[in-house]
Amino acid sequence: MELRQLQYVIQIAKEKNFSRAAEKLHIAQPSLSQQLSKLEKEIGVLLFRRTTNSVELTHAGAVFVEKAEGILDSVEQLKQELDDLAHMRKGKLVVGCLSITGSHVLPIVLPIFNRRYPEIEVVLVEDTPSKLEQLTASGQTDLSLLALPLHEPSLEWLPILEEEIILAVPPGHPLAKRTTPVRVGELRAEPFIVLKKGQGFRQIVLETCERAGFEPRVVFESTNIETVQSLVAAGMGITFVPKMLMRAADGELAPAYLSFAAPKPTRTLVIASRKGRYLSRAAEAFIATLNVTAEEHFG
């Protein structure tokens, strides 16, 4: 059994098609089929069910793919560790991030990191919180910038920033002219616009209201916090917003923002990695840069 054969099986499982898999692997389709047949003969089980229209994993194939991904990830970690020993500052770093949060944090962090470590290639992966947790747990990202709480037990994390959460209301709302902090309990009768299920910040909003003794009356949901803010600015309801995401007051569709009375709700941004995963020097350098810049700009 060869490492390339593991890669072949994983790619076929992803594509569910021999032609597409062969194209992605840059080999001829007959060669790919031959290598798979050779592997199946060696291990004594079929990994795929082949029909005229599709290619599906067998149960043995699903087990094989899971183990193969772990093996290839371990090999990649070994290469990274040896590369660190040989070159100290060279390498590649795959960083997962929440799209909106990342758009505010990474433009500050990455230029500084790139100036300090110009030979380290950074690859960004943007996705939903739940998907990023899965990618990090499976080793497909080295690090991911996420917000607590995390739900994947195989992850460990380091705190990066404790960020204040503020209230966003329509510009014509009675609270818009308020000059004193708002208590969450005052909002129990208000229509709320929140993120859809699967978005971590949604849970923070619901739990904040729950602690104040009420369940928010949700009138709209969106997958994007920027859409939520636009709906608020258009007068459709109110919402909670991480402070770094507040819009300029003179911008188009800008809500009015208010602070909460103590104890103020917050969210914690963390950098997560898989437990036990080797952190390259590139990863350690990125975490250090992220810590310093986050504190300087958002602390």
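The text that follows walks through the structure, step by step, so that each part is easy to find. What you see is a predicted model; the values in this text were computed from it and never measured.

1. So, the pattern of salt bridges
On inspection of all chains with the given rule, the structure shows 13 salt bridges. A salt bridge links arginine 277 to aspartate 142, with the shortest nitrogen-to-oxygen separation between them at 2.9 Å. Taken together, the residues span a long stretch of sequence, with arginine 277 in the loop between strand E11 (266-274) and helix H9 (281-298) and aspartate 142 in the loop between helix H6 (129-137) and strand E5 (143-147) at a distance of 135 residues. For arginine 267, the salt bridge goes to glutamate 163, with nearest N and O atoms at 2.8 Å. A residue pair is termed long-range when its members are at least 10 positions apart, and arginine 267 in strand E11 and glutamate 163 in strand E6 (residues 155-169) qualify at 104 residues. In this structure, arginine 267 and glutamate 163 share a single accessibility class: buried. Salt bridges here are not isolated pairs; linked through shared partners, they connect Asp73, Asp142, Arg274 and Arg277.

2. Overview of unusual backbone geometry
Put simply, leucine 148 and proline 149 share a cis peptide bond, and its omega is 5°. Locating proline 149 in the fold gives a position in the loop between E5 and E6. Of note, the bond from alanine 262 into proline 263 is cis; its omega dihedral lies within 30 degrees of zero at 0°. When you line up the elements, proline 263 lands in the loop between strand E10 (256-258) and E11.

Analysis parameters
- Residues numbered from 1 in each chain as written.
- Predicted model: local features only at pLDDT ≥ 70, side-chain atom pairs only at ≥ 80, totals over all residues.
- Heavy atoms only, no water.
- Salt bridge = Lys/Arg side-chain N within 4 Å of Asp/Glu carboxyl O.
- Helix = DSSP H or I, 4+ residues; strand = E, 2+ residues; numbered from the N terminus.
- Buried < 20%, exposed > 50% of the residue type's maximum accessible area, 1.4 Å probe, protein only.

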